[in-house]
Amino acid sequence: MRASQQDFENALNQVKLLKKDPGNEVKLRLYALYKQATDGPCNMPKPGMLDFVNKAKWDAWNALGSLPKETARQNYVDLVSSLSSSSEAPSQGKRGADEKARESKDILVTSEDGITKITFNRPTKKNAITSQMYRDIILALKNASTDNTVMAVFTGTGDYYCSGNDLTNFTSATGGIEEAASNGAVLLRDFVNSFIDFPKPLVAVVNGPAVGISVTLLGLFDGVFASDRATFHTPFSQLGQSPEACSSYTFPKMMGSAKAAEMLLFGKKLTAREAWAQGLVTEVFPESTFETEVWTRLKTYAKLPPNVMRISKELIRKHEKQKLYTVNAEKCAAALERMPREEYAKALRNFLFRKAKAKL
Ligand SMILES: CCCCCCCCCCC/C=C/C(=O)SCCNC(=O)CCNC(=O)[C@H](O)C(C)(C)COP(=O)(O)OP(=O)(O)OC[C@H]1O[C@@H](n2cnc3c(N)ncnc32)[C@H](O)[C@@H]1OP(=O)(O)O
């Protein structure tokens with residue numbers, strides 16, 4: 001859904017009513033999106049190095065490249081809406097309280113040494129991601145992008161990193177399957193966009209097997225550290241689904257089309273070392289020293305200058321951001337079309353009733 005001119009004007013008014021200062025980083029983003037939405041791509045001469053304020057504004061605007069005006073308008077409206085809802089949350093005062101109120105126990109968010117750690121914490125279900133967990137992660141990333149976090153790190157509790165989408169998300173949704181698919185497509189789009197947009201280093205500490213969306217998302221991470229016990233499995237064809245999280249773009253780019261097809265079309269499960277050989281994993285560690293070695297490394301990285309890392313990440317990503325948004329939007333539209341299909345329903349039934357069948 002595109003934001004109308006009226007939505008945009010409402011958002012411009014809403015910004016003036018924010019109760020809480022959103023901080024310089026967000027203000028710069030608002031400025032850049034506003035300029036892009038009204039004037040189009042940055043057309044101003046670059047300010048001098050010592051003109052710090054105008055240089056920061058110019059950099060933020062220029063980083064949006066050729067983002068279309070309508071997308072900038074939509075992003076501006078979305079950003080203002082997220083700021084308004086967080087500043088109107090019931091527990092005013094400390095943001096920590098606000099966060100806690102909206103988090104479930106299945107996603108743990110902790111912060112230490114400049115690292116925001118986001119943990120899939122549903123070990124009895126192999127950390128499968130429920131609808132609420134998708135929403136919690138969007139919120140955690142939004143908070144970490146504007147607070148004093150230097151880097152964000154994902155990991156899992158228990159023997160799994162994550163078993164992907166909770167396959168009961170759709171069966172437990174209220175309303176019809178078409179409505180659930182439509183809600184799911186919007187949630188999926190926003191979820192993946194929050195990874196595309198995350199402005200700071202994003203690292204996965206893959207402590208065990210990873211399945212489905214928890215694997216495809218890795219193409220949007222800046223570092224993937226895996227235990228040698230981890231495996232990487234994307235059984236989309238088996239599930240009657242198509243690959244999400246921009247993996248149809250990031251995987252062939254990373255590993256070449258033949259190897260990407262092996263994973264995304266044929267559902268080949270990779271070991272950690274195979275995933276490393278394909279460029280999906282940064283480094284593999286022995287299980288026995290995994291936690292100690294990885295966290296020591298990450299704490300060292302978190303001491304590097306945060307602004308430099310943020311700017312470097314922006315330089316790496318800015319030319320393909322628009323492409324990623326487009327691929328994500330296309331995938332979500334495809335997901336919407338596929339979910340109500342019989343192939344998907346059959347795969348779901350097979351999973352849900354597999355234990356009952358096994359007893360027969
Ligand atoms: C209306 C709003 C909808 C919002 C949705 C928005 C976004 C949706 C689209 C996102 C697209 C994502 C795609 C994917 O991620 S595809 C991949 C999905 N995952 C799987 O196919 C894995 C399924 N699980 C398994 O194959 C096995 O469980 C596994 C190999 C992971 C482990 O096997 P093992 O034998 O060791 O253990 P169990 O099978 O006994 O599992 C223990 C319990 O955990 C439950 N479980 C595990 N994984 C899932 C899962 N993905 N969804 C739901 N439940 C899961 C399993 O049922 C067991 O529970 P019980 O003990 O209660 O039986």
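Residues numbered from 1 in each chain as written. Predicted model: local features only at pLDDT ≥ 70, side-chain atom pairs only at ≥ 80, totals over all residues. Heavy atoms only, no water.

- The chain carries the name Enoyl-CoA delta isomerase 2 in an unreviewed UniProt entry, which gives Mus spicilegus as its organism.
- The record in UniProt for the chain states the following under Sequence similarities (unreviewed entry): "In the C-terminal section; belongs to the enoyl-CoA hydratase/isomerase family."
- Reading the Pathway (unreviewed entry) entry of the UniProt record for the chain gives the comment "Lipid metabolism; fatty acid beta-oxidation." (UniProt positions renumbered as here; feature names shortened; annotations may be inferred.)

## As for the layout of surface pockets
- Here the second largest pocket is characterised by a volume of approximately 1,100 Å³.
- Contributing to the lining of the second largest pocket are 44 residues, with S163, G164, N165, D166 and L167 lying nearest its centre.
- Secondary structure elements with two or more residues in the lining of the second largest pocket: α6 (131-146), α7 (177-196), β7 (231-233), α14 (321-338), α15 (342-352) and α16 (354-359).
- The dominant element in the lining of the second largest pocket, judged by the number of residues it contributes, is α7, at five residues.
- Taken together, the residues that form the lining of the second largest pocket break down as 19 nonpolar, 15 polar and 10 charged. (1 Å grid on protein atoms, 1.4 Å probe; cavity = no way out; pocket = protein on both sides within 12 Å on 5 of 7 lines; lining within 4 Å. Points joined across faces, edges and corners; volume = space filled by probe spheres on them. Helix = DSSP H or I, 4+ residues; strand = E, 2+ residues; numbered from the N terminus. Nonpolar A, V, L, I, M, F, W, Y, C, P; charged D, E, K, R; others polar.)

## Some thoughts on the environment of K46
- In this structure, K46 sits in the loop between α2 (24-39) and α3 (52-62).
- Judged by its relative accessible area of 52%, K46 is exposed.
- Apart from the residues lying within four places of it in its own chain, the contact partners of K46 are K55, W58 and D59. (Buried < 20%, exposed > 50% of the residue type's maximum accessible area, 1.4 Å probe, protein only. Contact = heavy atoms within 4.5 Å.)

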